[in-house]
Structure formats: structure tokens, C-alpha cells
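# Architecture at a glance
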Amino acid sequence: YLKNYQFLPYERTCELLGDFFGCPISEGTLANLIGECHARLEQPVQQIKEQIAQAPVVQFDESGSRVEKKLWWLHAASTANATYYSIHPKRGAEALESIGILPDFTGRAIHDFWKPYFGYECAHGLCNAHHLRELTFVHEQHRQNWADAMIDCLLTIKAAIDQARPIADHLTKAQLQVFEARYQNILDDGYAANPLSACPTHVGNKRGRRKKTKPRNLLERLDGHRQEALAFMYDFNVPFDNNLAERDIRMMKVQQKISGLFRSAEGARAFCRIRSYISTARKNALGALDA
């Protein structure tokens, strides 16, 4: 509880037990206890993983983590009722294949447009919290009004869904047509403000691609992946953003700030399994100590 839920380092956990209860233990003993907990949780956490893999909508996120002074990648798969953490030396497809949820996943994966996710044939949804941040940057730093209009459009759609949700499970056909037309008109204004450069860039004797600005890249993403960006509009089960997975990842980042890096790969994997169990328990109204 102290090490894996309150994130105390080994030394401070052992010191606290000695100070509070007069029963000091060594860091080695604590490591053995954590190893035993890790082993006992193999089957329960496998069941959590299987439950997530069968969910209709799952949110995914990843972040860097230090293991033995090297950069590894912490991956999270989250639903409202379950959390599965895994840690891997790689960030991309090799890690996703090793984790094993996405290869056979048939639901909708919500993420932040990280390209390896698109390597899987499941349905996708994009995090609009990321889009709002990028649109705010384009509006404030590039002085482009279409970006502010798109922010208002996305938030208006979200408000319409929040209003409709208690009495319906979808927007009306007329509402969808209005929002789709508004979305397209904003994209048209954006393209008018961000034409492609007249000539492609050249590197030596080779012809390069036309240089694109950040506003242009964002426009093309919102256009080419409009079905993923607006997935929440068509299906009320799809969240507007990826905040659930981001919160689950953020909690693991807190661990690094308090306890520092993982001393071993085995310890990192044990922590992820135990934390998967604790997080899932808390999402189901069960306290960490009771779990």
C-alpha cells in the first residue's frame, strides 16, 4: 500500500514501518513482498486485460518512464471500469504488439493521433482536447480566425450532445447536417488562409515535398480524419477527449516524481501489474487497502 499506492520509495517505506510500528524491515524484504503480490495478481490482472480488450471503446496513452536509467515507455489502456498498465523498452508497434490488446481489438481506440495506433484495423477516435490546445495555439500565435471558429464548433457539438444525452442516444439528422456543413465551411476558410507553397523545397539535386505550416498540418488532419475527430458526434459512447487515459498515465508520472526511476525491469513490471489492479479497484468503488 505504501509503496505502490502512496508511492513512497523503498527506504522511506521501511523507515515509516519502523517509526510507526516498531517493526523495521529491510528493503530486500519489502521487495520480496512486492514480488509475491506481483505473482498473486497475475490471473486477476489478466482478466482485467481481457475485459478491456473486449470493451467497445478503449482509451490509449503512453509516456516515457525511466528504468535502470534508460528511457522506457509506459503504456495505458483505460475504460471507465478498468485500467491496464504495461511498460516496454519501445514506444511503437513493437511495444503495442507485445502488450497484445490492439492486435485483435475490434472496438474503437481513442488516442491522440499517434501514428502507430493507426496501424490497427479497429475503429479510431481522436482526442479533441488535443485539438483544442492546438487550435488555441494557431489562433493566438498565427492570428487565424478559422481556428477560433473550429474551437467554438467542437464545443457547440459537445454541448448539444450533453443536452441530448438524457433523452436520446443520438443527434437528429438535421443537427448532424448543420454541424457537418459548419465543420466543412471552417475547413474551407482554413485552407484559404493556408495555401500550399508555390514550389516544393529542394535538397541538393533532389526535389522535396512542399513545406507545410503547423496550421496547414492541423487542417489536413481535421479534414482527412474528420470521421475520427467527430466520432463523438455520431456515437454518444465515444468520449470527446482522451482524458481518462491521460489521467491514468498522469498518476504514474506522480510515482516518478516521488520515488524516482525504477531500479529494475522486474520492479517496473511488478509496479505496473499491482497498479493496474489498484486503479481498476478504485474505478469500481473499492479502496486500495481493501482490494
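In case you missed it, the structure is sitting above this.
Once a new chain begins, its residue numbering starts again from 1 and follows that chain's sequence as written. Local features in this predicted model are restricted to residues of pLDDT 70 or higher, and side-chain atom pairs are both shown and tallied only at a pLDDT of 80 or more, whereas totals for entire chains, interfaces and linings draw on every residue. For the side-chain quantities, the full set of heavy atoms in the structure was used; hydrogens and water were omitted.

To qualify as a helix, a DSSP run of H or I must reach at least 4 residues; to qualify as a strand, a run of E must reach at least 2; elements of each kind are numbered from the N terminus. Considering the arrangement of structural elements, one finds E228 in helix α9 (residues 226-229). The side chain of E228 sits in the buried core without any salt bridge; R108 is the nearest counter-charge, 6.3 Å away. Not counting the four nearest positions on each side in its chain, E228 is found in contact with F118, H124, G125 and L126. For every residue, the accessible area obtained with a 1.4 Å probe (protein chains only) is divided by the maximum for its type, and the residue is called buried under 20%, exposed over 50%, and partly exposed between those limits. A residue counts as positive if it is Lys or Arg and as negative if it is Asp or Glu; His and the chain ends are not included. Any carboxyl oxygen of Asp or Glu that lies within 4 Å of a side-chain nitrogen of Lys or Arg is treated as forming a salt bridge with it. Contacts were defined at the residue level, with two residues in contact if any of their heavy atoms lie within 4.5 Å.

Counting buried positions along strand β2 (residues 70-78) yields seven of nine residues, so the element is predominantly enclosed. Across nine bridges, the pairing between strand β1 (residues 57-67) and β2 is antiparallel. Residue pairing in the sheet places F60 in a bridge with A77 of β2. Pairing between strands requires that DSSP locate at least two bridges from one strand to the other. Connecting β1 to the next strand, β2, in antiparallel fashion are two residues, including E68 with a positive phi near 50 degrees. Summarising the sheet, β2 and strand β3 (residues 83-88) pair through six bridges and their orientation is antiparallel. Pairing of A77 across the sheet is with Y84, part of β3. Where β2 hands over to β3, the hairpin turn is made up of four residues, counted between the paired strands.

Before going further, it helps to spend a moment on the environment of G125. If you trace the backbone, G125 turns up in strand β5 (residues 123-126). Looking at G125, the relative accessible area reads 0%, which means it is buried. It is 7.7 Å that separates the C-alpha atoms of G125 and F232, two residues lying 107 residues apart in sequence. With sequence-adjacent residues up to four places away left out, G125 is seen in contact with R108, A109, I110, H111, E228 and A231.

Moving on, we get to the sheet that holds β3. The sheet built from five strands is open, its strands ordered β3-β2-β1-β4-β5 with mixed pairing. Looking along the sheet, the strands with just one partner apiece sit at the ends: β3 and β5. Ignoring which end each strand starts from, the neighbouring axes of this sheet average 25 degrees apart. Sitting on the sheet, helix α3 (residues 42-53) is in contact with β1, β2 and β3, with an inclination near 105 degrees to β3. Lines fitted to the C-alpha atoms define the axes, with helices restricted to the stretch that makes contact. Angles between their N-to-C directions range from 0 to 180 degrees.

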